[in-house]
Amino acid sequence: MEYSPYQEEVVQAALRGENSIIWLPTGGGKTRTAVYITKKHLETTANAKVAVLVNKVHLVDQHFAKEFRPYLGSTYKIAAISGDSNEKDLFGCLVKASDLVICTAQILENALINMEEEKHVELTDFTLLVIDECHHTQKESVYNKIMGRYVEKKVRKEGNLPQILGLTASPGTGGNKQLDKAVEHVLQICANLDSVIVSTKEFTPVLQKVVPRPKKQYDIVERRTLDPFGDHLKAMMLMIHEYMPPTVSRSLREMGTQEYEADVLFILHLLLIAQCALHLRQYNDALLINDTVRMVDAFRGLDEFYNSRKTKLLDGTDIFLQGLFDENRVELKQLASNDRYENPKLAQLQCTLQEEFNDENSRAVLFSKTRRGTHCLFDWVNSNPELQRVNIRAGILTGAGTGANHMTQNEQKETIKHFRTGILNLLISTSVAEEGLDIPECNLVVRYGLLTNEIAQQQASGRARAMNSVYSVVAEEGGREMRRELTNEYLESLTAKAIDQVQQMSPSEFRRKISKLQKIAVMTRIQAERKKDERKQRYSPSQVQFQCRECFLLVCSGEDLRKIENAHHVNINPEFERHYIAGGQVVLEKSFEDWEPGRVISCKNCGKEWGMEIKFKKVVTLPCLKIKSFSMKTPGGKSTPRQWKDVEFQVKEFDFLEDMSSHFHDLDLDE
């Protein structure tokens, strides 16, 4: 393995056995330094066992195939495990049999909690933990849950803890704009990882040569002078505001912004106006699409939404909302078709792409905020004759999942493979491609209609690694994207100053500050656990009634619910079946040890999707519920939790024999 001088410099603390965070820019070879440190650790440590933790499933395969296996695979037993792997159910056994495991952090977290022998592991089973993209080790992240246990053991002086190696392109400032607060943020990351932060001091010019900074250009467009389509949408939204209580509508911020979307998401939890909030969110989405892509894309999204609801009108509010769109549909369609008022950002984006793709070897990534935005841009690129003339071959890359516009992990891999090999030369992506993904060196990165933080900006910029590459920000003159990009530039330089200040501290001062932060974190964690337990005991299950969040039909009690593997919440009451209808089969790429997916389930009364059936141990089929589809009636009033962990009663663990006695007559024991 060959290393640059700056890589040799940053690995020294880790080679001495110290906990350290390696701070190198995207493309600076962080993962390769981790391979080197891992190799030396395995060679020099008795009974060594290493875990490499990543925060995204696709990075498990990437690190295994491209980094660790080529250099260590012939000498050491390496296992790569993600949520897609069947072996995850035997994680404890796999760890015992391996020298090195590469896995998502959630797999390790599950194994730390699970007490079954073949699944369970302890932190002390490992001698080195490598944490990729370690700036995520804060707040409620999985990384921080794992490291929270580590820090608590350290504070309690429990021995044999593994060495920690963190990797990051930027710890960020935590959104802080003052140096002292940015320093506090960096110290907190160091405390959470129990590590010093190291970077190159002697070989900065070498690093800058290896990782050239792209030329940054602001492709500025003038504000739209006229936007009758957007104005018409806003007028319709004001009519919905007038339908709602004045106190609610006055609290909403500027329409067509992410802040407005946040306000609408908040009022979605106020049951009496939830329908209005749902529709306002669709209109706001249309305004955001209108601001970034074509008017016709914005109209199409609204049209599809209202077509899907025509047969599900439940009350006067639904009839008003549907009627409002139906009355304005023809005029909206006409306005959306008028080229005179088209989005000027698209014309600028077209020029930027054309200019770069005059070179047939060009490779570009176009970052957009939403999945829907990527699909709209993809349609625009493919229907634009000028862009087809310069032979742009576009593909979409979005996050994995099971919903509309999500990609499967296999589709992600296929798209990245096509981009690497040149079948595709333009990747239209959400933030999934910003972090960690090994994609070819691009000569153009475009940030289009994005408001993100300084970490995301640095990572996106780092995708432009080819010589003479361009990092373009397409933004409206004086617009929010422009202001945010300039703020991020300032925060990027502030991050470097904050890290430098932390590195200048004497070892004793650094240790004293870190120790204090760790003790506070442990006390805070213990207090939070107590509060969580108290909240879980607030009501007995019999006091909690569940309603469909759409039509408010009472469907079950908290007593009917059980949880499987601490994750899946099922209804065991056979009577519940009369409240739902089953639809199409759910297909998941991954397989599970004790259950498999069945059909989608929806409210029989209004059609609201409630979750899916799961077939448990190939014997009994149970409805598995999404908490976001229900509201709860309790003695303290109504509530709409976003996650199951927020419910204020204890859901019992599923006991197959005890809970299924009423189902036994339905069982086919020969199956």
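Residue positions are given per chain, counting from 1 as you read along its sequence in written order. Thresholds applied to this predicted model are a pLDDT of at least 70 for local features of residues and 80 or more for the giving and counting of side-chain atom pairs; totals over whole chains, interfaces and linings are not thresholded and use all residues. In computing side-chain values, all of the structure's heavy atoms are included and hydrogens and water are not.

As named in an unreviewed UniProt entry, the chain is RNA helicase, taken from Cyprinus carpio. UniProt positions are given in the numbering used here, feature names are shortened, and annotations may be inferred rather than shown by experiment. For the record of the chain, the UniProt heading Catalytic activity (unreviewed entry) holds the text "ATP + H2O = ADP + phosphate + H(+)".

Asks: Looking at this structure, I do not really get the overall build of the chain. What am I missing?
Replies: The helix and strand inventory of the chain stands at 23 helices and 24 strands. Here the C-alpha radius of gyration of the chain, 27 Å, is about what a compact globule of 671 residues would show, namely 26 Å. Projecting the C-alpha coordinates of the chain onto the three principal axes gives extents of approximately 70 × 70 × 50 Å. The contact criterion used throughout is that any non-hydrogen atoms of two residues lie within 4.5 Å. Counted over contacts in the chain with a minimum sequence separation of 6, partners at least 24 positions apart contribute 70%. All accessible areas in this document rest on Shrake-Rupley with a 1.4 Å probe, and a residue is counted as covered only by the protein chains that are shown. Surface accessibility of the chain: about 31200 Å² in total, with carbon and sulfur atoms responsible for 49%. Put simply, DSSP H or I for four residues or longer makes a helix, DSSP E for two residues or longer makes a strand, and each gets a number counted from the N terminus. When we talk radius of gyration, it's over C-alpha atoms, and the globule rule is simply 2.2 Å times the number of residues to the 0.38.

Asks: Teacher, can you tell me more about the UniProt feature "domain: RLR CTR" (unreviewed entry) in the chain here?
Replies: In the numbering used here, UniProt assigns the feature "domain: RLR CTR" (unreviewed entry) to residues 534–661. This span, residues 534–661, is 5% helix and 43% strand, and a straight line between its end C-alpha atoms measures 31 Å.

Asks: Would you explain a nonpolar patch on the surface in this entry?
Replies: Distance thresholds for patches are 9 Å for like charges and 5 Å for nonpolar side chains (Val, Leu, Ile, Met, Phe, Trp, Tyr), applied to residues having over 30% relative accessible area and no salt bridge. A pair is scored as a salt bridge if a Lys or Arg side-chain nitrogen falls within 4 Å of a carboxyl oxygen belonging to Asp or Glu. A cluster of nonpolar side chains, Phe203, Val206 and Val210, forms an exposed patch at the surface whose accessible area comes to about 200 Å². Relative to the helices and strands, valine 206 is located in helix H9 (residues 204–210). Judged by relative accessible area, which is 31%, valine 206 ranks as partly exposed. Throughout, exposure labels follow a simple rule: accessible area from a 1.4 Å probe, protein chains only, divided by the maximum for the residue type, with under 20% read as buried, over 50% as exposed, and the rest as partly exposed.

Asks: I would appreciate a short explanation of the sheet that holds strand S22 (residues 630–634) in the present structure.
Replies: To summarise the sheet geometry, strands pair through backbone hydrogen bonds and adopt either a parallel or an antiparallel arrangement. The sheet built from 4 strands is open, its strands ordered S15-S14-S22-S23 with antiparallel pairing. For this open sheet the edge positions go to strand S15 (554–557) and strand S23 (637–639), each flanked by a neighbour on one side alone. Averaged over all neighbouring strand pairs, the angle between strand axes comes to 30°, with direction disregarded. Of the strand pairs in this sheet, S22 and S23 are connected by 3 bridges, and their pairing is antiparallel. Along S23, the bridge assignment pairs threonine 634 with glycine 637. Pairing between strands is defined by DSSP: at least two bridges between them are needed. To obtain each axis, a line is fitted to C-alpha atoms, and for helices this fit is confined to the stretch in contact; angles are then taken between N-to-C directions over 0 to 180 degrees.

Asks: Help me out: how do you make sense of helix H14 (residues 295–309) in this one?
Replies: Each turn of an α-helix holds 3.6 residues, which means side chains three or four residues apart point in the same direction. Between its first and last C-alpha atoms H14 spans 22 Å; for 15 residues at 1.5 Å apiece the expected length is 21 Å, and the two agree. Buried within H14 we find Met295, Asp297, Ala298, Phe299, Gly301, Leu302, Asp303, Phe305, Tyr306 and Arg309. For H14, the elements touching its buried residues are helix H10 (228–243), helix H13 (274–292), helix H15 (316–336) and helix H17 (371–382). One fewer than the residue count of a helix, multiplied by 1.5 Å, yields its expected span.

Asks: Looking at this model, I keep getting lost on the environment of leucine 427. Mind explaining?
Replies: Within the element layout of this structure, leucine 427 appears in strand S11 (residues 426–429). A sequence separation of 49 residues divides leucine 427 from phenylalanine 378, and the C-alpha atoms of the two residues are 9.2 Å apart. Non-local contacts of leucine 427, meaning those with residues more than four positions away in its chain, are made with Ala364, Val365, Leu366, Gly395, Leu397, Thr415 and Phe419.

Asks: How should I be thinking about unusual backbone geometry in this particular structure?
Replies: Across residues other than glycine, the phi torsion is negative in most instances, and most of the peptide bonds are trans. Phi is positive for lysine 157, close to 60°, though the residue is something other than glycine. Within the secondary structure layout, lysine 157 lies in the loop between helix H7 (142–155) and strand S6 (163–168). With a relative accessible area of 75%, lysine 157 lands in the exposed category. Of note in the backbone geometry, lysine 618 takes a positive phi value of approximately 60° without being a glycine. Turning to its location among the elements, lysine 618 is positioned in the loop between strand S20 (609–616) and strand S21 (620–625). Here lysine 618 falls in the exposed class, since its relative accessible area comes to 54%.

Asks: Sorry, what's going on with the sheet that holds strand S12 (residues 444–448) here?
Replies: Spatially, S8-S13-S12-S9-S11-S10 is the arrangement adopted by the 6 strands of the open sheet, whose pairing is parallel. The open sheet terminates on both sides in strands that have one partner only, identified here as strand S8 (215–221) and strand S10 (394–397). Going across the sheet, the axis of each strand differs from the next one's by a mean of 20°, ignoring polarity.

Asks: Help me out: how do you make sense of the packing of helix H3 (residues 30–44) against helix H4 (residues 57–72) in this one?
Replies: Each pair of packed helices can be described by the angle between their axes along with the distance between the axes. Where H3 meets H4, the closest approach of the two axes is 10 Å, and the angle between their N-to-C directions is 35°. Crossing of H3 against H4: the hand is right-handed. Residues Thr31, Arg32, Ala34, Val35, Thr38, Lys39 and Leu42 of H3 form the contact with H4, whose own contacting residues are His63, Lys66, Glu67, Phe68, Tyr71 and Leu72. Partitioning the contact of H3 with H4 into residue classes produces 6 nonpolar, 3 polar and 4 charged. In this scheme, a crossing is called left-handed if the near helix is turned counterclockwise away from the far one by less than a right angle; it is called right-handed if the turn is clockwise. Charged means Asp, Glu, Lys or Arg here, nonpolar means Ala, Val, Leu, Ile, Met, Phe, Trp, Tyr, Cys or Pro, and polar covers whatever is left, Gly included.

Asks: It is not clear to me how the packing of aromatic side chains should be interpreted in this structure. Could you clarify?
Replies: For any pair of aromatic rings, the description consists of the separation of the ring centres together with the inter-plane angle of the planes. Centres within 6.5 Å make a pair out of two Phe, Tyr or Trp rings, where for Trp the six-membered ring is used; the pair is then stacked when the planes are under 30 degrees apart, edge-to-face when over 60, and tilted otherwise. As enumerated under the stated definition, the model contains 14 aromatic pairs in all. On the numbers, 6.2 Å between centres and 70° between planes, the contact of phenylalanine 546 with phenylalanine 630 is edge-to-face. Here phenylalanine 630 lies in strand S22 and phenylalanine 546 lies in strand S14 (residues 545–548), a separation of 84 residues in the sequence. The class for phenylalanine 630 is buried, based on a relative accessible area of 0%. Relative to phenylalanine 656, the ring of phenylalanine 654 lies with its centre 6.3 Å away and its plane at 80°, an arrangement referred to as edge-to-face. What makes phenylalanine 656 partly exposed here is its relative accessible area of 23%. One aromatic cluster in this structure is built from Phe546, Phe576, Tyr580, Trp610, Phe630, Trp644 and Phe649. Above the plane of the ring of phenylalanine 419 lies arginine 363, whose end atom (NZ or CZ) is 5.7 Å from the centre. Only lysine NZ and arginine CZ atoms are considered, and such an atom sits over a ring when it is within 6 Å of the ring centre and within 35 degrees of the ring normal.

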